[in-house]
Amino acid sequence: MTGDRTERIKALSKLALGIVRRCGERCCIERAGGRHRVSEVRHNEFRLTLTQSLDDEDRTSALDVRFDGKTVLHIEWTAEKVLRTSYRPGAWEDLLRRYDRIPALAVRVEAST
C-alpha cells in the first residue's frame, strides 16, 4: 500500500509541477529564511504553488497543491532526498489530470517559423 501511495504522490506532483512550470506567475520574495522564487497558478478551485529557496545551500523546494482552500498535496525536497510529504486522496486527483490537458494549462506549442 505504501508503494501505491508513493507512486500516486509522484504522478500527481509531476502533473502539478508541469502546470506550474508552464503557466505559473513567477516572482522572488524575501522571507525570514532568505530569498525564495515562487511560481503560482490559480485556476478555478486549485492553487498550485512552487517555492524554491535561493539562499539555502541545499536548494530546498516545496510544492503545495490546494483544492477548495485545503491542502491536498504538499511535498518538500532537496536535490538529494524528499524531506516531507502530505497527501489527502480525493476527487481533486481526476480534476487535476483533466486540467493538465485543457488548452489554458496544457503544454505551450511554439509557432514554427
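Please read all numbers here as calculations on a predicted model, not as lab measurements. Just so you know, the residues in each chain are numbered from 1, in the order the chain's sequence is written. Under the rules for a predicted model, residues below a pLDDT of 70 receive no local features and side-chain atom pairs below 80 are neither given nor counted, while totals for whole chains, interfaces and linings still include all residues. Side-chain calculation: all heavy atoms of the structure are included, whereas hydrogens and water are not.

1. Some points on the sheet that holds strand β3 (residues 46–53)
Now for step 1: Reading across from one edge, β1-β2-β3-β4-β5-β6 is the order of the six strands in this open sheet, with antiparallel pairing throughout. What marks the edges here is a single partner per strand, and that holds for β1 (25–31) and β6 (82–87). In this sheet, neighbouring strand axes are inclined to one another by 15° on average, regardless of whether the strands run parallel or antiparallel.
Now for step 2: With seven bridges joining them, β1 and strand β2 (residues 34–43) adopt antiparallel strand pairing. Note: two strands are recorded as paired if DSSP finds a minimum of 2 bridges between them. A helix here means a DSSP run of H or I that spans at least four residues, while a strand means a run of E at least two residues long, and both kinds are numbered starting from the N terminus. Axis definition: a line fitted to C-alpha atoms, limited for helices to the stretch in contact. Angles are taken between N-to-C directions and run from 0 to 180 degrees.

2. Some thoughts on unusual backbone geometry
Now for step 1: Although it is not a glycine, Arg-59 sits at a positive phi angle of roughly 55°.
Now for step 2: By the element assignment, Arg-59 lies in the loop between β3 and β4 (61–67).
Now for step 3: Backbone geometry at Asp-68 places phi at a positive 50°, although glycine is not the residue there.
Now for step 4: As for its position among the elements, Asp-68 is in the loop between β4 and β5 (70–77).

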